[in-house]
Amino acid sequence: MRSLTRISLLAALSTLALGCAQLQTLAGRQGSAAVTLNGPGGELRGGGEVWQDNNGQVHVNLQLQGLPAGIHAIHFHSVGSCESGPSAFSGAGGHYNPANRQHGLSNPAGPHAGDAPNFTVEANGTAHVEFVTDRVTITAGSATLFDSDGSSLVVHAAADDQMSQPAGNSGERIACGVVRKVL
């Protein structure tokens with residue numbers, strides 16, 4: 001009986017500690033957003049969250065599926081639309097670039113606010129994309145993702161060379177999702 005009481009007490013303390021840790025994580029956020037990415041035919045390609053910490057860093061955490069294996073580029077784009085026109089997801093506009101810089105994380109005259117590191121899709125078509133940036137914000141300001149026309153996240157068919165203008169030779173847009181604020 002005493003063993004059962006100890007186990008119950010340990011379980012309760014563990015639950016309490018986990019709850020406190022989750023509250024601390026949520027308390028450390030200035031804002032949160034969600035994104036669901038789809039392919040050109042509307043097929044689900046995954047999604048995840050975008051959130052800003054108390055130090056102004058924006059965190060992106062996505063789980064993707066159904067993509068071609070290999071290295072791919074991902075960027076924040078300047079318009080919160082995934083409409084297609086002359087090409088897939090052309091409604092998303094160009095890379096998010098409120099400071100009017102050149103493209104590329106390796107470019108001394110760059111990068112765009114929306115530039116991000118490449119990521120790898122496994123042979124089974126899945127990928128976990130995680131990166132942090134201080135060039136965009138979820139909160140109000142000159143680099144907010146929630147300006148008058150919003151923003152989107154776009155996955156490209158190829159890797160970004162992090163130098164070439166205007167988009168690093170990253171190829172066609174193969175997935176897109178509008179970044180939506182979470183209340």
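Further up the page is the structure itself.
Draft legend 1. Highlighting the pairing of strand β3 (residues 58–64). Across the seven residues of β3, five count as buried, placing the element largely inside the fold. In this structure, strand β2 (residues 44–53) lies alongside β3, joined through seven bridges in antiparallel fashion. Of the residues in β3, the one forming a bridge with Gln52 is Val58. The loop that links β2 with its antiparallel partner β3 comprises four residues; one of these, Gly56, has a positive phi angle of about 85 degrees. Of the strand pairs in this sheet, β3 and strand β7 (residues 127–133) are connected by seven bridges, and their pairing is antiparallel. Within the sheet, the bridge partner assigned to Gln63 lies in β7 and is His128.

Draft legend 2. Structural detail: unusual backbone geometry. Of the consecutive residues Gly110 and Pro111, the connecting peptide bond is found in the cis state with omega at 0 degrees. Within the secondary structure, Pro111 sits in the loop between β5 (74–77) and β6 (119–121). Of note in this structure, Phe89 is not a glycine but carries a positive phi near 60 degrees. Mapped onto the elements of the fold, Phe89 is located in the loop between β5 and β6.

Draft legend 3. Representation of the environment of Arg29 within the structure. Examined against the element boundaries, Arg29 turns out to sit in strand β1 (residues 29–38). Residues Arg29 and Gly56, spaced 27 residues apart in sequence, show a C-alpha to C-alpha distance of 9.2 Å. Only 2.9 Å separates the side chain of Arg29 from the side chain of Glu49, close enough to count as a polar contact.

Draft legend 4. How the structure looks around the state of the cysteines. This structure, assessed with the given rule, holds one disulfide. Note that Cys82 is cross-linked by a disulfide to Cys176, the S-S spacing being 2.0 Å. Here the S-S torsion is close to -75 degrees, and the disulfide linking Cys82 with Cys176 is therefore left-handed. Here Cys82 is found in the loop between β5 and β6, whereas its partner Cys176 is found in strand β9 (residues 173–178), with 94 residues between them in sequence. Exposure remark for Cys176: the relative accessible area of 2% places this residue in the buried category.

So, how was this worked out
Going along each chain's sequence as written, the residues are numbered from 1 onward. Local features in this predicted model are restricted to residues whose pLDDT is 70 or higher, and side-chain atom pairs enter the listing and the counts only when it is 80 or higher, whereas totals over whole chains, interfaces and linings include all residues. The side-chain figures draw on all heavy atoms in the structure; neither hydrogens nor water molecules are used. Relative accessible area decides the class of each residue, using a 1.4 Å probe on protein chains only: under 20% of the type maximum gives buried, over 50% gives exposed, and in between gives partly exposed. Each helix is a run of H or I in the DSSP string that is no shorter than four residues. Each strand is a run of E no shorter than two, and both are numbered from the N terminus. Strand pairing is defined by DSSP finding a minimum of two bridges between the two strands. A 3.5 Å cut-off defines polar contacts: any pair of N or O atoms within that distance qualifies, except that in protein one atom must be a possible hydrogen donor and the other a possible acceptor, and neighbouring residues in sequence count only when both atoms are side-chain atoms. By disulfide we mean two sulfur atoms from cysteines, separated by a distance within 2.5 Å.

Function cannot be inferred from these measures alone, as they are strictly geometric.
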